[in-house]
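Okay, here's what each chain looks like letter by letter:
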Amino acid sequence: MEQLPVGNAVNGTGWTPVDLDFRLSPAVLAEILDGGQTFAWDATGTTTYGGAARGHAWEIGLSADGTVLARSPTGGDPILLTDYFALDTDFAALTDALPWRSDPVLAKAVRQWPGLRILRQDPAEALLGFLCSSTKQIVQIKEILRLFARHFGKHLHGATHALPSWETLAAVPEDELRRHKTGYRARYIAAVARRLADWPDLPLRIRSLPYPEARAMLTDLPGVGGKIADCVLLFAGGHLGAFPVDTWIANVLRTEYHLADWPLPQLRRFGEVHFGPHAGLAQQYLFAAARRRRALRVL
DNA sequence: ATGCAGGAGAAAT
DNA sequence: ATTTCTCCTGCA
């Protein structure tokens, strides 16, 4: 269990609770903001984070009793973060509806990560982030996005910039995108930017379409396969049934669930069927638990 | 050092 | 309908 630092920045002025009933441990807040569903936040202390969301720069922190606090140097109203944190969604109830009673692996993960939730990110930003994510580690993805924001995005405050819009990216030559540590992903980014120039509302539309149609629309984009589509659908599209199968989840299913020689598409199908309509939330618990096991191994 | 890290797409079985 | 290869790059 982490110790709260005495006299940390969270005791300063200007902090507003994001929601009075919204309490988290430092570890769970870290998993939510810096565990791989978003790449927008950097730790600025043991319980404080800085970054951009919803067009504003923010500091997010945790009070001693676990209340999530926020303040914005650009004047953003913390009410904007109630939507970002999806506080209208009762994740405790959704978690209770998961099959943890008959699934000891899931039960243990749920026990270890109380309060874990799925953010409601901007679909256009999530698409860019996960398009950059293939065979990259979180720190590397964040570096690419930081370079994009710094060079092509709107300045918000200090060193914080917003991510560039797809319209802005469409005007950037591919070889210039490639100079920002994107590698072969530059071709996909340029192609998606060109495609979205004709369908600028595509990212937002995934929220109003049923899951299969929204997924088909995303996977039709160059460089977007099922895994990236499911990440965008889950973390920004409001489709909590989406079950992204990355190498972590594949390993969990193959070892803990004894599905050793199951191919990827079948693993995804298993996840959807076994975990049900909010399979994506189960995926997040299992992912956090797997990451924690690795972190403990490394120590 | 060589593999590999939260993949996708096309080619080759 | 699967499996293999290529695509960039930095970190272990």
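Okay, so let's go over this structure. (Residues numbered from 1 in each chain as written. Chains lettered and ligands numbered in written order. Predicted model: local features only at pLDDT ≥ 70, side-chain atom pairs only at ≥ 80, totals over all residues. Heavy atoms only, no water.)

Here the focus is the protein's contact with DNA strand C. Residues in contact with DNA strand C, as listed here, are Lys136, Gln140, Arg178, Gly183, Tyr184 and Arg185. Within 4 Å of the protein, the contacting atoms of DNA strand C are 65% sugar and phosphate, with bases supplying the remainder. Here tyrosine 184 contributes a backbone N or O atom positioned 3.1 Å from a sugar or linking oxygen of DNA strand C. For DNA strand C, a base oxygen lies 3.4 Å from a polar atom in the side chain of arginine 185. (Near = heavy atom within 4 Å. Polar contact = N/O pair within 3.5 Å; in protein donor to acceptor, adjacent residues only side chain to side chain.)

Below, the discussion takes up the nonpolar core. Counting residues in each nonpolar core, the largest one holds 89 residues, and the members touching the most others are Phe85, Trp166 and Leu218. Setting aside its immediate chain neighbours within four residues, tryptophan 166 contacts Ala124, Leu127, Leu128, Leu131, Ile189, Val192, Ala193 and Leu196. (Core = buried A, V, L, I, M, F, W, Y, C linked by side-chain atoms within 4.5 Å. Buried < 20%, exposed > 50% of the residue type's maximum accessible area, 1.4 Å probe, protein only. Contact = heavy atoms within 4.5 Å.)

Assignment of secondary structure puts histidine 180 in helix H8 (residues 174-182). Discounting chain neighbours no more than four positions away, the residues touching histidine 180 are Ile144, Leu147, Phe148, His151 and Phe152. (Helix = DSSP H or I, 4+ residues; strand = E, 2+ residues; numbered from the N terminus.)

Close contact between helix H13 (residues 247-255) and helix H14 (residues 264-275) brings their axes to 11 Å; oriented N to C, the two are set at 75 degrees. The orientation of H13 relative to H14 falls into the category roughly perpendicular. Side by side, H13 and H14 meet where Ala250, Leu253 and Arg254 of the first sit next to Leu264, Leu267 and Phe270 of the second. Split into classes, the residues belonging to the contact of H13 with H14 amount to 5 nonpolar, no polar and 1 charged. (Axes fitted to C-alpha atoms, helices over the stretch in contact; angles between N-to-C directions. Parallel < 35°, antiparallel > 145°, perpendicular 65-115°, else oblique. Nonpolar A, V, L, I, M, F, W, Y, C, P; charged D, E, K, R; others polar.)

Phi angles above zero are rare outside glycine, and alanine 86 is one such case at about 55 degrees. Mapped onto the elements of the fold, alanine 86 is located in the loop between helix H2 (79-84) and helix H3 (91-96).

It is worth stressing that arrangement in space is one thing and function is another; only the former is reported here.
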